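Structure assessment
This is what each chain is made of:
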Amino acid sequence: MKRVYLFVPLILFIALVVLFAKGLKLDPNDMPSALIDQSVPEFSLPSLASPDRLLTRADVIGEVSLVNVWGTWCPSCMHEHPYLMELSDQVPIIGINYKDVRDDALDWLDKLGNPYVLNVFDEMGTLGIDLGVFGAPETYVIDRKGYVRYKHVGVVSERVWLERLKPLVDELRGEK
Amino acid sequence: MKCVYLRVLSLFVLLFSVVSYAAIDTYEFNDEQTRERFHQLNGELRCPKCQNQSLGDSNSPISTDLRAQVYRLLNEGKSDQQIKDYLVERYGEYILYRPELAGHTLMLWLAPLAFLVLGLAVVLVLVIRRRNTVQSGGLDTTEQQDLEKLLADSGQGSAEATSEVESNKRD
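In this text, all values refer to a predicted model and were calculated from it rather than measured experimentally.

Attention shifts here to the sheet that holds strand β6 (residues 138-142) of chain A. Residues and elements named next belong to chain A. Across the sheet, five strands lie side by side as β5-β4-β3-β6-β7; this open sheet has mixed pairing. Strands at the two margins of the open sheet, each flanked by one partner only, are β5 (118-122) and β7 (148-153). When strand polarity is set aside, the average angle formed by the axes of neighbouring strands in this sheet is 20°. Pairing of strand β3 (residues 65-70) with β6, which is carried by five bridges, proceeds in the antiparallel orientation. Within the sheet, the bridge partner assigned to leucine 66 lies in β6 and is valine 141. Along the sheet, helix α3 (residues 75-87) makes contact with β3, β4 (93-98) and β6, crossing β3 at roughly 160°.

In this structure, the largest pocket occupies an estimated 320 Å³ of space. Taken together, Pro32, Ser33 and Ala34 of chain A together with Gly92, Glu93, Tyr94, Pro99, His104, Thr105, Met107, Leu108 and Ala111 of chain B make up the full set of residues lining the largest pocket. Looking at which domains feed residues into the lining of the largest pocket, each of domain 1 (23-100) and domain 2 (105-170) of chain B gives three or more.

Before going further, it helps to examine empty space enclosed by the protein. Think of a ball as big as a water molecule: rolled over the atoms, this probe shows where empty space is left. Residues and elements named next belong to chain A. With the rule as written, the count across this model stands at one cavity of 30 Å³ or more. Reported here for the largest cavity is a volume of approximately 90 Å³. What lines the largest cavity is Val40, Phe43, Val60, Val67, Ile94, Ile96, Val120, Leu127, Leu131, Tyr140, Ile142 and Val148. Looking at the lining of the largest cavity, the elements that each hand over two or more residues are β4, α5 (126-131) and β6. Considering only residue class, the lining of the largest cavity consists of 12 nonpolar, no polar and no charged.

The next subject is the interface of chain B and chain A. Contact residues are listed per partner, giving 16 residues for chain B and 18 residues for chain A. Buried area between chain B and chain A, summed over both chains or domains, comes out near 1,400 Å², and the portion from carbon and sulfur atoms is 54%. As a salt-bridge pair, aspartate 130 of chain A and arginine 90 of chain B come within 2.8 Å of each other at their nearest N and O atoms. Sorting the residues of the side of chain B that touches chain A by element identifies α3 (61-75) and α4 (80-91) of chain B as the ones contributing at least two each. Looking at the side of chain B that touches chain A, its residues break down into eight nonpolar, three polar and five charged.

Next up on the list: the state of the cysteines. One pass over the structure, following the stated rule, counts two disulfides over all chains. Two residues share a disulfide in this structure: cysteine 74 of chain A and cysteine 77 of chain A, whose sulfurs sit 2.2 Å from each other. For the disulfide bridge between cysteine 74 of chain A and cysteine 77 of chain A, the dihedral angle about the S-S bond is near 95°, and by the sign convention the bridge is right-handed. An identical accessibility class is assigned to cysteine 74 of chain A and cysteine 77 of chain A; each is buried. Between the sulfur atoms of cysteine 47 of chain B and its disulfide partner cysteine 50 of chain B the distance amounts to 2.3 Å. Measuring handedness by torsion sign, the sulfur bridge of cysteine 47 of chain B and cysteine 50 of chain B sits at about 95° and is right-handed. According to the relative accessible area criterion, cysteine 47 of chain B is buried, its value standing at 0%. Under the relative-accessibility criterion, cysteine 50 of chain B is labelled partly exposed at 28%.

So, on to the packing of α3 of chain B against α4 of chain B. Residue and element names in this part refer to chain B. As a packed pair, α3 and α4 sit with axes 10 Å apart at the nearest point and diverge in direction by 140°. At the point where α3 passes α4, the crossing takes the right-handed sense. Contacts between α3 and α4 involve Ile62, Leu66, Gln69, Val70, Arg72, Leu73 and Leu74 from the first element and Ile83, Tyr86, Leu87 and Tyr91 from the second. Its residues placed into classes, the contact of α3 with α4 shows nine nonpolar, one polar and one charged.

Parameters and conventions
Residues numbered from 1 in each chain as written. Chains lettered and ligands numbered in written order. Predicted model: local features only at pLDDT ≥ 70, side-chain atom pairs only at ≥ 80, totals over all residues. Heavy atoms only, no water. Pairing = 2+ DSSP bridges. Helix = DSSP H or I, 4+ residues; strand = E, 2+ residues; numbered from the N terminus. Axes fitted to C-alpha atoms, helices over the stretch in contact; angles between N-to-C directions. Contact = heavy atoms within 4.5 Å. 1 Å grid on protein atoms, 1.4 Å probe; cavity = no way out; pocket = protein on both sides within 12 Å on 5 of 7 lines; lining within 4 Å. Points joined across faces, edges and corners; volume = space filled by probe spheres on them. Domains from an automatic or database assignment. Nonpolar A, V, L, I, M, F, W, Y, C, P; charged D, E, K, R; others polar. Buried area = accessible area lost by both parts, 1.4 Å probe. Salt bridge = Lys/Arg side-chain N within 4 Å of Asp/Glu carboxyl O. Disulfide = S-S within 2.5 Å. Buried < 20%, exposed > 50% of the residue type's maximum accessible area, 1.4 Å probe, protein only. Left-handed = near helix turned anticlockwise from the far one by under 90°.

Honestly, it's all geometry; don't read function into it.
See the structure below:
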């Protein structure tokens, strides 16, 4: 038997270590959204502020904007909220109040401030399912024509905004 | 003795433990077949939030919602494939524990087979090689000569050693 063959297990071992090291760095929550470059789905749901007013897809499209899925039951949304207040000057933010209690949500906006241009009240989470939402907060970037261009799962922080969302929003604003 | 009983007991506990659905919903079905399809689908679909659990295993809110969707679609008379397509459209192929056989999933499906073939090939090569060495009768002529020489030397050596011991005794 040649000596070289003795190194085969070592080489295999090193290959496995490299593979596992790479696997460790992958984010299991980094799930590609099925909706990227798809149109925002049709819906017809009440507005959070006025239950009688029905909102549809037409109400949320038209401008490059962020669509933010939130709920008062979600601790990370609380954490995210102050930064959304800052962001609301720079980009329109559309809220989807996801599986929430209307009064709680209105209280929250009263007390903490309202960064949203409008809020869709998705009590049963039906729009959420059509959007592929699996938790909150989630934030989508949509273009003028109403296509989903990016999805961010988790809190939008200054870093996320500057590194990922803002460059895309600027680029989309440049599009006709 | 007590220790043996304990071992037998723990063996039984291990052998007869079953995976149970963590989440309990009450869904009523028109027939047994639909119920089975429901459970089958819940087992094959993946919870998008927890990812290492199936829809049926998980009690995260999103899984509860998606089970409700599966139930609704089943009652609307949709086929298993249509239900899977519905969820894949929204959550991506990620949601399938049993991905479709397609170009980009080919490796996933064929890799185990490839490894099996590779393993068999290695075993086969080793077996054939070993058989060849056994059949060739071990040593060739030069090696045989070396061996005889070694044996002869060591025979002499030990004889010398014995005579030395004997001469010591005499002194």
